[in-house]
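Remarks on the overall topology
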Amino acid sequence: MKLQRNGRSKALAIGAVALVSSLSLAACGTDDNTTTTGTGSSASGAASAASIECGKGGQLLGAGSTAQTNAIDVWKAAFGSACSSSTITYGGGGSGAGVQQFNQGKVAFAGSDSALKPAEVDASKAACKTGQGINLPMVGGLISIVFNIDGVDKLVLDAPTVAKIFDSQITKWNDPAIAALNAGVTLPDAPIQAIHRSDDSGTTANLTGYLAKASGGAWKYPAAKTWAGQGGQSANGSAGVSAQVKQVKNSISYVELSYAQTNSLKSAAIATGASKPVDATAENAATTFATAKVTGTGSDLALSLDYATKTDGAYPIVLVTYEIVCDKGNKAESLDTLKAFLTYTISDAGQQAIGAKGYVPLPKELSAKVQAVIPTLA
């Protein structure tokens, strides 16, 4: 539904939430491929006020990462309530599809859980005309290793074991490698049903990045959006994978914490070499994000994440979803709305609002860098 307004920017009092230490999930999101703005409120919690500058209004199209769908839904509700002359449509389909649509000039921004590769930057120049695609970190999250095992509520895994499970080298839940990490837990003598993403996915790229760095060679494939492990089942999108784990006994997969919480899925703790296994919580992921380094140049803010961290309380399997935009050469009819929307999403209020969905507000130092780039988009 597209709403009308008088053309002037409005202020919206939105509900923010307590930071990551008090996260709780109250609402659902899906991978549905097309949704538009409408009236609504952001997450409930401690109230704060934020002024949303709307720009000139109009239609804004985006596509890509399903990992950030729940975050986009929160942001669209708040932005749509304040800026009713704007219509924002975001299609899922995965990071690979989103980058492809962006480089074809079909969308104003793409969500991707991995930074653009050099070949993708080159391809973006056709759509950006006078510029090229850049990476703006926007959504922080973590990848939960989710499981549905009869009689097992808590599970500890490490990188070599996860790698071997997803490459069909470990095929039974009572395998000695898993049992050694889970003393006192009765593991069933049952086949492991490993489920991976069927679509090109930034979530897959981050998981395989972790396995490539931390598994000591057990994962023999490069980090990539396309799944390379042997065997297993597959499902499309984060919602599809979550649904499969929920339905299939003795299954395991990987999804963002947001989807694990939405679907009431159990998440494994990860043994990293720290003093004790690290639980999949946003607070623990925030510890890892605090050490992220910007590796992009100029207005590109691509990050390097420490998947091999052994810091106490640092959850290693993290991801950042980038909004891919043109630094120059954006379409005139959507540029103003693009800048207004991104300005809200990276604001303190925007970042805190998605905390209730299982995401991790980005460190303020990093947010400030993104905030400085957005006004320069042309």
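Here, every reference points to the structure presented above.
From a predicted model like this one, the values you see are computed outputs, not experimental measurements.

Digging into unusual backbone geometry
At Lys129, a position not held by glycine, the phi torsion is positive, near 60 degrees. Inspection of the secondary structure assignment puts Lys129 in the loop between α3 (118-128) and β5 (133-148). Given the relative accessible area of 65%, Lys129 is considered exposed. Even without glycine at this site, Ser168 takes up a positive phi of about 60 degrees. Classification of Ser168 as partly exposed rests on a relative accessible area of 37%.

Side note on the pairing of strand β2 (residues 58-64)
Counting buried residues along β2, five of its seven residues qualify, which places the element largely inside the surrounding structure. When β2 meets strand β3 (residues 86-93), the two strands line up parallel, connected through seven bridges. In the strand pairing of β3, Gly64 is matched with Gly93. With helix α1 (residues 69-82) bridging β2 and its parallel neighbour β3, the resulting β-α-β unit is right-handed. Judged from the three bridges that link them, β2 and strand β4 (residues 109-112) form a sheet pairing that is parallel. Paired with Gly62 across the strands is Phe109, a residue of β4.

Thoughts on the packing of aromatic side chains
Using the criterion set out here, one finds eight aromatic pairs in the structure. Centre to centre, the rings of Phe109 and Phe341 are 6.3 Å apart; their planes meet at 40 degrees, and the pair counts as tilted. Pair noted here: Phe109 is in strand β4 and Phe341 is in helix α10 (residues 332-345), with a separation of 232 residues, a long-range link. You'll find Phe109 and Phe341 in the same group, each marked buried. Centre to centre, the rings of Phe166 and Trp227 are 5.8 Å apart; their planes meet at 75 degrees, and the pair counts as edge-to-face.

Remarks on the environment of Gly58
With respect to the helices, strands and loops of the structure, Gly58 is situated in strand β2. For the pair Gly58 and Thr87, spaced 29 residues apart in sequence, the C-alpha to C-alpha distance is 6.1 Å.

Quick look at the packing of helix α2 (residues 95-103) against α3
For the pair α2 and α3, interaxial distance at closest approach is 8 Å and the crossing angle is 40 degrees. On the basis of the axis angle, α2 is oblique to α3. Of α3, the residues touching α2 (which contributes Val99, Phe102 and Asn103) are Glu120, Ala123, Ser124, Ala127 and Cys128. Split by residue class, the contact of α2 with α3 holds five nonpolar, two polar and one charged.

Observations regarding the state of the cysteines
Counted according to the given criterion, the structure contains two disulfides. Cys54 shares a disulfide with Cys83; S-S distance 2.0 Å. For the disulfide bridge between Cys54 and Cys83, the dihedral angle about the S-S bond is near -75 degrees, and by the sign convention the bridge is left-handed. Here Cys83 lies in the loop between α1 and β3 and Cys54 lies in the loop between β1 (35-36) and β2, a separation of 29 residues in the sequence. For Cys83, a relative accessible area of 0% gives the class buried. Here Cys128 pairs with Cys326 through a disulfide, and the sulfurs are 2.1 Å apart. Here Cys128 and Cys326 share a disulfide; its torsion about the S-S bond, -80 degrees, makes the bridge left-handed.

Details of the side chain of Ser124
One can find Ser124 in helix α3. At 2.5 Å, the side chain of Ser124 and the backbone oxygen of Val121 are in polar contact.

What about α10?
Spanning 14 residues, α10 covers 21 Å between terminal C-alpha atoms, matching the ideal 20 Å at 1.5 Å per step. Residues of α10 that are buried include every one of Ser334, Leu335, Thr337, Leu338, Ala340, Phe341, Leu342, Tyr344 and Thr345, and no others.

Concerning the pairing of strand β7 (residues 193-197)
Counting buried positions along β7 yields four of five residues, so the element is predominantly enclosed. Summarising the sheet, β7 and strand β9 (residues 251-256) pair through two bridges and their orientation is parallel. By the bridge assignment for β9, Gln193 is matched with Ser251. The sheet contact formed by β7 and strand β8 (residues 233-235) spans three bridges and is parallel.

A word on the packing of α1 against α10
Where α1 contacts α10, the two axes come as close as 10 Å, and the packing angle between them is 115 degrees. With respect to each other, α1 and α10 are oriented roughly perpendicular. For α1 against α10, the interelement crossing comes out right-handed. Taken together, the residues of α10 that come into contact with α1 (itself represented by Ile72, Trp75, Lys76, Ala78 and Phe79) are Thr337, Ala340, Phe341, Tyr344 and Thr345. For the contact of α1 with α10, the class distribution of residues is seven nonpolar, two polar and one charged.

So, the pattern of salt bridges
In this structure the tally under the stated criterion is eight salt bridges. We note a salt bridge from Lys266 to Asp153, for which the minimum N-O separation is 3.9 Å. Taken as a pair, Lys266 in strand β10 (residues 266-267) and Asp153 in the loop between β5 and β6 (156-158) lie far apart in primary sequence, 113 residues in all. Looking at Lys266, the relative accessible area reads 36%, which means it is partly exposed.

Rules behind the numbers
Residues numbered from 1 in each chain as written. Predicted model: local features only at pLDDT ≥ 70, side-chain atom pairs only at ≥ 80, totals over all residues. Heavy atoms only, no water. Helix = DSSP H or I, 4+ residues; strand = E, 2+ residues; numbered from the N terminus. Buried < 20%, exposed > 50% of the residue type's maximum accessible area, 1.4 Å probe, protein only. Pairing = 2+ DSSP bridges. Right-handed = clockwise from strand over helix to strand, strands pointing away. Phe/Tyr/Trp six-rings, centres within 6.5 Å; stacked < 30°, edge-to-face > 60°. Axes fitted to C-alpha atoms, helices over the stretch in contact; angles between N-to-C directions. Parallel < 35°, antiparallel > 145°, perpendicular 65-115°, else oblique. Contact = heavy atoms within 4.5 Å. Nonpolar A, V, L, I, M, F, W, Y, C, P; charged D, E, K, R; others polar. Disulfide = S-S within 2.5 Å. Polar contact = N/O pair within 3.5 Å; in protein donor to acceptor, adjacent residues only side chain to side chain. Expected span 1.5 Å × (residues − 1). Left-handed = near helix turned anticlockwise from the far one by under 90°. Salt bridge = Lys/Arg side-chain N within 4 Å of Asp/Glu carboxyl O.

Everything listed is a geometric property; what it means functionally is a separate question.
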